[in-house]
Amino acid sequence: MDIIEQFYAAADAINAVSQKAYLRNQFEFLGIKTPIRRAISKAFINELASTKEIDWELVDKLWELPEREFQYLATDILRKMKNSLEVQDFEKIKDLALRKSWWDTVDSLDELIGAVIQREVKANSKSPHELTPSQKMSIKWAKNENFWVRRIAIDCQLGFKDKTNTRLLSSVIKANLAGSKFADEFFINKSIGWALRDYSKSNPEWVREFLMENEKEMSKLSIREAAKYI
């Protein structure tokens, strides 16, 4: 039995109803809860990861299947193999973000971009003030025509703590303040708040100063989220 058949065999119609409702009935569900999904797919994902080469054809196939658990499986695979990603893969990741878009999958994709950024920064340690190709791409994404792509750019440094590049963080946020195409978009303003709130745990002074300088251009939602711990 292959992994797709295993997922269908584990379907739970009762759970599927509530899962579908949680995402506003936008997607079909098998009704597999996260711990069960991960238990079913663990060996499969580990076997894929041992090859060190991402099977993008498989990822695309999973993304096209109607039930949401298959998109979750695809992001689980990519997160497991994030060390195999290169900046050349960003277009593939962006394509995923543009298809069946919603926060549940998009917020898994930003971690992939972040992994490449961290690896490039480490390799570029002799020129710490020079933006890497992945950082430059993130700045470009922050101005994309699709707000989900922008959201990835804003949140791609979540969890970086003192390794956060403030030049990059400032740039991707400022591209989405008052006057920008998505200045009133909830998912953009929420992501701005999250990015700043996360960094405030490591550098509250920088976040406090950023809020003071940009308060007039920021939404109340972003400010409220950003200031939660400062």
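Cut-offs and rules
- Chains are numbered independently. Their residues run from 1 in the order of the written sequence.
- Given that the model is predicted, a residue must reach a pLDDT of at least 70 before its local features are reported, and side-chain atom pairs must reach 80 or more before they are shown or counted; all residues, however, enter totals for whole chains, interfaces and linings.
- Based on all heavy atoms of the structure, the side-chain values leave hydrogens and waters out of the count.
- In the cavity and pocket records, a cavity denotes points on a 1 Å grid over the protein atoms alone where a 1.4 Å probe fits but cannot get out, a pocket denotes an open set with protein on both sides within 12 Å along at least 5 of 7 lines, and lining residues are residues with an atom within 4 Å of a point.
- Grid points are joined across faces, edges and corners, and a volume is the space filled by probe spheres set on the points.
- Helix and strand definitions follow DSSP, with helices as H or I runs of at least four residues and strands as E runs of at least two, each counted in order from the N terminus.
- Amino acids are sorted into nonpolar (Ala, Val, Leu, Ile, Met, Phe, Trp, Tyr, Cys and Pro), charged (Asp, Glu, Lys and Arg) and polar (every other residue, Gly among them).
- Within this scheme, the nonpolar core is defined by two criteria: the residues are buried Ala, Val, Leu, Ile, Met, Phe, Trp, Tyr or Cys, and they are joined through side-chain atoms within 4.5 Å.
- Only protein chains enter the area calculation, which uses a 1.4 Å probe; residues under 20% of their type maximum are buried, those over 50% are exposed, and those in between are partly exposed.
- Domain delimitation follows an automatic or database domain assignment.
- Pairing of aromatic rings covers Phe, Tyr and Trp, the last through its six-membered ring, and needs centres within 6.5 Å; plane angles under 30 degrees mean stacked, over 60 mean edge-to-face, and all others mean tilted.
- Our definition puts a charge over a ring when NZ of Lys or CZ of Arg is within 6 Å of the ring centre and also within 35 degrees of the ring normal.
- Polar contacts, as counted here, are pairs of nitrogen or oxygen atoms within 3.5 Å of one another; within protein the pair requires one atom able to donate a hydrogen and one able to accept it, and residues that are adjacent in sequence qualify only if both atoms are side-chain atoms.
- In what follows, a contact means two residues having at least one pair of non-hydrogen atoms within 4.5 Å.
- By buried area we mean the combined loss of accessible area, with a 1.4 Å probe, across both parts when two parts are placed together.
- Any Lys or Arg side-chain nitrogen found within 4 Å of a carboxyl oxygen on Asp or Glu counts as a salt bridge.

The name given to the chain in an unreviewed UniProt entry is DNA alkylation repair protein, with Lactococcus fujiensis JCM 16395 as the source organism.

Caption draft 1: Local environment of empty space enclosed by the protein. On inspection of all chains with the given rule, the structure shows 1 cavity of 30 Å³ or more. One number sums up the size of the largest cavity: a volume of about 50 Å³. If you trace the largest cavity, you find it lined by Ile154, Asp155, Gln157, Leu158, Thr164, Leu169, Ala195, Asp198 and Tyr199. Of all the secondary-structure elements, those providing two or more residues to the lining of the largest cavity are α9 (147-155) and α11 (186-200). With 3 residues, the top contributor of residues to the lining of the largest cavity is α11. Among the residues making up the lining of the largest cavity, the classes are represented as 5 nonpolar, 2 polar and 2 charged.

Caption draft 2: Examining the nonpolar core more closely. Membership of the largest hydrophobic core comes to 70 residues, with the highest contact counts inside it found for Leu62, Ile93, Ile173 and Leu196. Residue-level mapping places this core at the junction of two domains, with at least three residues from each of domain 1 (1-84) and domain 2 (102-229).

Caption draft 3: View of the packing of aromatic side chains. This structure, assessed with the given rule, holds 14 aromatic pairs. Both rings, one in Trp206 and one in Phe210, keep their centres 5.3 Å apart while their planes meet at 20°; by these two values the pair is stacked. In this pair, Trp206 and Phe210 are both assigned in helix α12 (residues 204-214), 4 residues apart and thus about one turn of the helix distant. Each member of the pair, Trp206 together with Phe210, is buried. Pairwise contacts between aromatic rings join Trp102, Phe147, Trp148, Phe182, Phe186 and Phe187 into one cluster. Taking the ring centre of Phe27 as reference, the NZ or CZ of Arg68 above it sits at 3.7 Å.

Caption draft 4: Representation of the side chain of Ser108. By the element assignment, Ser108 lies in helix α7 (residues 103-123). At a separation of 2.9 Å, a polar atom in the side chain of Ser108 contacts the side chain of Arg79. Contacts of Ser108, omitting those with residues within four sequence positions, involve Thr75 and Arg79.

Caption draft 5: Spotlight on the environment of Ala13. By the secondary structure assignment, Ala13 is in helix α2 (residues 13-22). In the structure, Ala13 is positioned 19 residues away from Ile32 in sequence and 8.9 Å away in space, judged by C-alpha atoms.

Caption draft 6: Broad picture of the domain arrangement of the chain. Taken domain by domain, the chain comprises domain 1 (1-84) and domain 2 (102-229). Domain 1 puts 14 residues into the contact, and the matching count from domain 2 is 10 residues. Carbon and sulfur atoms supply 63% of the area buried between domain 1 and domain 2, which totals about 1100 Å² over both sides. One can count 3 salt bridges joining domain 1 with domain 2.

Caption draft 7: Fine view of the environment of Glu86. By the element assignment, Glu86 lies in the loop between α5 (68-80) and α6 (90-98). Counting along the chain gives 27 residues from Glu86 to Ile113, while the straight-line C-alpha distance between them is 8.9 Å. Apart from residues lying up to four places away in sequence, Glu86 is in contact with Val116 and Arg119.

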